[in-house]
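# Structural overview
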Amino acid sequence: MKTYDYLIVGSGLFGATFAYLAHQQGKKCLVIDKRAHLGGNIYCEDVEGIHVHKYGAHIFHTSNKQVWDFVNSMVEFNRYTNSPVANYKGKLYNLPFNMNTFYQMWGVTTPDEAMAKIKKQKAEAVAKMKADGVTEPRNLEEQAQILIGKDIYEKLIKGYTEKQWGRKCTELPAFIIKRLPVRLVFDNNYFNDKYQGIPIGGYNRLIEGLLDGVETRTGIDFSTMKNTWHDIADKLVYTGAIDEYFDYCFGKLEYRTVRFETETLDTANYQGNAVVNYTEREVPYTRIIEHKHFEMFGQEVDKCPKTVISKEYSTEWKPGMEPYYPVNDSRNSDLYQKYKHLADQETNVIFGGRLAEYKYYDMAPTIESVLKHFKL
Ligand code: FAD
Ligand code: UDP
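We now turn to the structure provided with this report. Fair warning: this is a prediction, and the values are worked out from it, not measured in the lab. (Residues numbered from 1 in each chain as written. Chains lettered and ligands numbered in written order. Predicted model: local features only at pLDDT ≥ 70, side-chain atom pairs only at ≥ 80, totals over all residues. Heavy atoms only, no water.)

An order of 9-2-1-10-16 is seen for the five strands of this open sheet, with the pairing classed as parallel. Every interior strand has two partners, whereas the edge strands, strand 9 (215-218) and strand 16 (349-351), have only one. Shown here is a sheet whose adjacent strand axes are inclined to one another by a mean of 20°, direction ignored. Bridge analysis of strand 10 (residues 233-238) against strand 16 gives three bridges, and the strand direction is parallel. Counterpart to Tyr-238 in the pairing with strand 16 is Phe-351. Packing against the sheet, helix 1 (residues 13-24) makes contact with strand 1 (4-9), strand 2 (29-33), strand 10 and strand 16, and its axis sits at approximately 165° to strand 1. (Pairing = 2+ DSSP bridges. Helix = DSSP H or I, 4+ residues; strand = E, 2+ residues; numbered from the N terminus. Axes fitted to C-alpha atoms, helices over the stretch in contact; angles between N-to-C directions. Contact = heavy atoms within 4.5 Å.)

As structure tokens, then:
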């Protein structure tokens, strides 16, 4: 008799949700994580009573009622609505592009006036492409301009995108921004989803709820028990990097990553919003996150005399750095397919989550994929 039904490698949302559902079915699970804490990338650190999103700002959003009810059964969510502001050379613009943005950009006050302005700029972009003898946008710069026009492209898209991807917009594929939401209403809600929010008390509460009653051990790297796990468990759920599992036998998958510069400041309110994007090329960071605004609203902000901010620098990934965003180019996609082929032959192993599937997963789809696994 083995001790566990499942050994679960990784205590992020995939591993923790899997453990919860398996535990509910009476299965015995052991969850291990190589980090010193549980929760994967949604883990928050408590600084001066503020929950600091250590691995990048996380905003939960979904239109899937089943997923929303599931997370709310673990912990109640607050009413946080993501409404980032863009700072371009000291002037502020609301995001996503909506009537507030158009008013700030052009002084237009009605949807008709805004539409006329956008139409004119779009037509200019199309004419420019025609003059160059092309009908389809050849790159992100052309695509953005035929979707929204030159002014918004130059002030709110160009610099931010070039910083985020580390490449010129003329060298980036058009498909990255095939869909740019343009709203002719005064609505700064960044997401179109039906539900959004942040767990009251922070994301660690969600992980605690999922792992309640499940045996966990931190500070253990799976590589140290790779050849012995069969002795203790029937099945393995692996949420670490797929190339690492196979000892990088075909080579290393690549990522883009983010470097955070986090500081605690002696002020109650630094920027008045959780997210401010710096859209000009000259400012080296892409955005500043002020963590308290995810969970403190109105008067609560001033009751806490300090604040914590993180500047985000989008960076090329090197081994040893946190792997954040998979690179969707043909080299990496082909490499992943080779590893996936090997993974499909591992009968007692379930590969899941963003690292094992080499796929950018938001939180809700991560949970959805585990629910599907359990046919729920
Ligand atoms: P992870 O959370 O990465 O968990 C994997 C775990 O496995 C880690 O704890 C790791 O330490 C552990 N592990 C890996 N290898 C080993 C090993 N060999 N041995 C032991 N343990 C191991 N989603 C949203 O919905 N909204 C957002 O606003 C949002 N913002 C994001 C911002 C950033 C910068 C990033 C990178 C992601 C963001 N996401 C967001 C996505 C979200 O983080 C993921 O959906 C979620 O983390 C997926 O969970 P996971 O379990 O697959 O991976
Ligand atoms: N984007 C932009 N300006 C902004 C915010 C976003 O040009 O102020 C573009 C940019 O190309 C980015 C894309 O929109 O890559 C998606 O950005 P978002 O912040 O929505 O996605 P995430 O970075 O969370 O994947």
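Our focus in this paragraph is the layout of surface pockets. In this model, the second largest pocket occupies a volume close to 210 Å³. Forming the boundary of the second largest pocket are 14 residues, of which Gly-272, Asn-273, His-293, Met-296 and Phe-297 lie nearest the centre. Across the lining of the second largest pocket, the residue classes break down as five nonpolar, seven polar and two charged. (1 Å grid on protein atoms, 1.4 Å probe; cavity = no way out; pocket = protein on both sides within 12 Å on 5 of 7 lines; lining within 4 Å. Points joined across faces, edges and corners; volume = space filled by probe spheres on them. Nonpolar A, V, L, I, M, F, W, Y, C, P; charged D, E, K, R; others polar.)

Our next topic: the environment of Gly-353. In this fold, Gly-353 is placed in the loop between strand 16 and helix 11 (363-373). For the pair Gly-353 and Pro-365, spaced 12 residues apart in sequence, the C-alpha to C-alpha distance is 9.6 Å. In this view, Gly-353 contacts Phe-14, Tyr-358 and Tyr-361; residues no more than four positions away in its chain are not counted.

In this model, Leu-95 is joined to Pro-96 through a cis peptide bond whose omega is -15°. Looking at the secondary structure, you find Pro-96 in the loop between strand 7 (91-94) and helix 3 (99-106). Positive phi is not limited to glycine here, since Asp-247 has a value of about 55°. Turning to its location among the elements, Asp-247 is positioned in the loop between helix 8 (242-245) and strand 11 (255-265). You can call Asp-247 exposed: its relative accessible area is 58%. (Buried < 20%, exposed > 50% of the residue type's maximum accessible area, 1.4 Å probe, protein only.)

Okay, the site of ligand 2 next. For ligand 2, the full set of nearby residues is Leu-95, Leu-156, Ile-157, Tyr-160, Thr-161, Gln-164, Trp-165, Tyr-190, Asn-277 and Thr-279. Between ligand 2 and Thr-161, the relevant distance is 2.8 Å, taken from an oxygen atom to a side-chain nitrogen or oxygen of the residue. Tyr-190 has a polar side-chain atom sitting 2.6 Å from an oxygen atom of ligand 2. For ligand 2, whose free accessible area comes to 520 Å², the fraction covered by protein is 72%. (Near = heavy atom within 4 Å. Polar contact = N/O pair within 3.5 Å; in protein donor to acceptor, adjacent residues only side chain to side chain. Areas by Shrake-Rupley, 256 points an atom, 1.4 Å probe, with all protein chains shown as cover.)

Everything listed here is a matter of coordinates, which is why it stays silent on function.
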